[in-house]
Amino acid sequence: MPKSNDEKIISKSRKFKTMFPNFFVTGSIDIPFLALTIALLTFGLIMLFSASYPYAYYNRDHNSYYFFIRQFMFAIVGIIAMFAMSKINYKYLKVVVRPLLIFTVLLLILVLFFHTSLGGADGSDFKRFIPLPGGLTFQPSDLAKFTLIISLAYYINKNYKRMKKLKEGIIYPLILIGGFCALIFLEHHMSCVILMFLIGATLMFAGGSDWRLFAFGAALVVLAIIVVISFPDMLESYAGERIKAWLDKSYSPGDKRWQTNNSLYAIGSGGILGVGLGNSKQKYLYVSEPQNDFIFSIVCEELGFLGAAIIIILFAALVIRGFYIASKCHDKFAALIVIGIVSQIGIQVGLNILVVTDTLPNTGIALPFFSYGGTSLMMLLFEIGVVLAISRKSSQEKVQ
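Residues numbered from 1 in each chain as written. Predicted model: local features only at pLDDT ≥ 70, side-chain atom pairs only at ≥ 80, totals over all residues. Heavy atoms only, no water.

## Remarks on the environment of S343
We count it as follows: The helix count covers DSSP runs of H or I at least four residues long, the strand count covers runs of E at least two residues long, and both are numbered beginning at the N terminus. Relative accessibility decides the category of a residue: with a 1.4 Å probe and only protein chains considered, values under 20% of the type maximum give buried, values over 50% give exposed, and everything between is partly exposed. It only takes one pair of heavy atoms within 4.5 Å for two residues to be counted as in contact. Polar contact is the term for a pair of N or O atoms within 3.5 Å; when the atoms are in protein, one must be able to donate a hydrogen and the other to accept it, and sequence-neighboring residues count only if both atoms are side-chain atoms.
Relative to the helices and strands, S343 resides in helix α12 (residues 332-356). When its relative accessible area of 7% is taken as the criterion, S343 is described as buried. Once the C-alpha coordinates of S343 and I320 are considered, the two residues, 23 residues apart in sequence, prove to be 9.7 Å apart. In this structure, S343 is in contact with T202 and F323, ignoring residues within four places of it in sequence. A polar side-chain atom of S343 sits 2.6 Å from the main-chain carbonyl oxygen of I339.

Following this line, the structure appears as structure tokens:
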């Protein structure tokens, strides 16, 4: 007799379990980490709508909801991906490390030749987004962050006892990090180059690289920063001009400091308690595209120092909770993945706030959960799902 549909489903399920033992995991996820994620995502969506509706009205056919609706849809897809990933045994990431590394590198090369037309005022061509059907775009550098994290975690886990040596602990990891940074630099995406380097350095430090060599490398980086600041013309025009604008605090309408100056006006206008949700004046085409990198300035203006401090505390709590989850892992691979993901969030938040407050040159770095960007938000929520999967006690079981 032919098998019924139920029998076929049961048979396929048994075959899948035989091929992929312990693929799905059970047990409770880390509720505080999830709650902090949902809180930040909710805050982010609210502030995205508040910051974006004037710009959307004037630049998207009078559709004030343009950016919010798209970001909300990306958030829904990201949440589904987050919960789906939280049910998968993170150890299977080891299986996809090499294919994912090759795929990511190919995308980073592809975007250099096939990208959206996004040019700067100085004539530079930003090669960051691959166009997709339906007017959507994909930013390979967002995938590259995750690929770098799991690739380094995999490498360090395999070579943990040799990480104190120069070759295994410094040279090989730097070749991997440098390769990613070089490809992203060709996109004219300096902020992501800095972020990738810092993520890699954090994982190297956590993985046991010799601290003396690490300190020497840090000294070289500081020296390079001093040289670049002293001679900004050494860099490509778009990056050099931003450093010059950061050093020269004089104000001139329409120059490279327009965005930064109006950001500072917004922050100063907010005071302690802010002007109230939705009442920002600087978002009315003073802070250019306020839904993007400078959204934190609108947060400060509308919610004030108190609201901004609460959001910073939530980010800090998320990172600290992530390190707590990592400390409870018995698997170095898992611990390093969590450290890499929460470090990415923490570093990105820190750099964004430093730029918005004019402490660093304008590098164009987004604020996680808040800044507009579908690829970035979906990848971030997927990475959160990886952390939640690792937080499940049953996910610590060994894959056969």
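That covers the picture; the talk isn't over yet.
## Examining empty space enclosed by the protein
Heads up, the condition is: Within this scheme a cavity is a closed region of a 1 Å grid, computed over the protein atoms alone, that accommodates a 1.4 Å probe without allowing it to escape, whereas a pocket is open but has protein on both sides within 12 Å along at least five of seven lines; lining residues each have an atom within 4 Å of a point. Grid points are joined across faces, edges and corners, and a volume is the space filled by probe spheres set on the points. Put simply, Ala, Val, Leu, Ile, Met, Phe, Trp, Tyr, Cys and Pro go in the nonpolar bin, Asp, Glu, Lys and Arg in the charged bin, and everything else, Gly too, in the polar bin.
Evaluation of the coordinates by the stated rule reveals 3 cavities of 30 Å³ or more. In this model, the largest cavity occupies a volume close to 90 Å³. Surrounding the largest cavity, D142, K145, Q344, I345, Q348, P368, S376, M379, L380 and E383 form its lining. Secondary-structure elements contributing two or more residues to the lining of the largest cavity are α5 (140-158), α12 and α13 (374-391). Across the lining of the largest cavity, the residue classes tally to 4 nonpolar, 3 polar and 3 charged.

## Remarks on the packing of helix α4 (residues 93-113) against helix α6 (residues 166-185)
This is how it is decided: Orientation is described by axes fitted as lines to C-alpha atoms, over the contacting stretch for helices, and by angles from 0 to 180 degrees between their N-to-C directions. Here is the rule for angles: anything less than 35 degrees is roughly parallel, anything more than 145 is roughly antiparallel, 65 through 115 is roughly perpendicular, and the remaining ranges are oblique. Should the near helix be turned anticlockwise from the far one by less than a right angle, the crossing is termed left-handed; should it be turned clockwise, right-handed.
Here α4 crosses α6 at 25°, and the two axes come no closer than 9 Å. Accordingly, the angle class assigned to the pair α4 and α6 is roughly parallel. Seen along the crossing, α4 lies across α6 with a hand that is left-handed. Residues L101, T104, V105, L108, I109 and L112 of α4 pack against L176, F180, L183 and I184 of α6. Per-class residue counts for the contact of α4 with α6 are 9 nonpolar, 1 polar and no charged.

## Thoughts on the packing of helix α2 (residues 31-59) against helix α3 (residues 66-86)
α3 packs onto α2 with a crossing angle of 160° between their chain directions and a minimal axis gap of 8 Å. In terms of axis orientation, α2 runs roughly antiparallel to α3. The way α2 lies across α3 gives a crossing that is right-handed. Contacts between α2 and α3 pair L34, T37, I38, L41, L45, L48, F49, S52, Y55 and A56 from the former with Y66, F67, F68, Q71, F72, A75, I79, M82 and F83 from the latter. Across the contact of α2 with α3, the residue classes break down as 16 nonpolar, 3 polar and no charged.

## Here's the deal with a nonpolar patch on the surface
Note the threshold: Within this analysis, patches are made of residues with over 30% relative accessible area and no salt bridge. Like charges are joined at 9 Å or less; nonpolar side chains (Val, Leu, Ile, Met, Phe, Trp, Tyr) at 5 Å or less. Each accessible area is a Shrake-Rupley estimate made with a 1.4 Å probe; only the visible protein chains count as cover when residues are assessed. The working definition used for a salt bridge is a side-chain nitrogen of Lys or Arg within 4 Å of a carboxyl oxygen of Asp or Glu.
Taken together, the side chains of F43, I272, L273, F305, L306 and I310 define a hydrophobic patch exposed on the protein surface, amounting to about 630 Å² of accessible area. Mapping L306 onto the fold places it in helix α11 (residues 295-327). A residue is classified by how much of its surface remains accessible, and L306, at 46% relative accessible area, is partly exposed.

## Here's the deal with the nonpolar core
The nonpolar side chains of soluble globular proteins are, as a tendency, buried together. To keep it simple, the criterion reads: Buried Ala, Val, Leu, Ile, Met, Phe, Trp, Tyr and Cys residues form a nonpolar core when they are joined through side-chain atoms within 4.5 Å.
Among the nonpolar cores identified, the biggest contains 93 residues, and L93, F315, I337, F369 and F370 are the most heavily contacted of them. The dominant element in this core, judged by the number of residues it contributes, is α12, at 16 residues. Not counting the four nearest positions on each side in its chain, L93 is found in contact with M85, F146, I150, F333, I337 and V386.

## Points about the packing of aromatic side chains
The cut-off we apply is this: Working definition: a ring pair exists when centres of Phe, Tyr or Trp rings (six-membered ring for Trp) sit within 6.5 Å. Plane angles under 30 degrees give stacked, over 60 give edge-to-face, the rest tilted. Cation placement over rings: the criterion is NZ of Lys or CZ of Arg within 6 Å of the ring centroid and within 35° of the ring normal.
Enumeration according to the criterion identifies 12 aromatic pairs in this entry. Each ring, one from F49 and one from Y65, has its centre 5.4 Å from the other, and the planes form 15°; the classification is stacked. Of this pair, F49 sits in helix α2 while Y65 is found in the loop between α2 and α3, placing the two residues 16 residues apart along the sequence. The partly exposed category is assigned to F49, whose relative accessible area is 27%. Between F67 and Y372 the ring centres are 5.0 Å apart and the planes differ by 75°, which places this aromatic pair in the edge-to-face class. Placement of the pair is F67 in helix α3 and Y372 in the loop between α12 and α13, with a sequence separation of 305 residues. Within the aromatic cluster, the residues linked to one another by ring pairs are F49, Y53, Y65, F68 and F72. Between the NZ or CZ atom of K332 and the centre of the ring of Y160, over which it lies, the distance is 4.5 Å.

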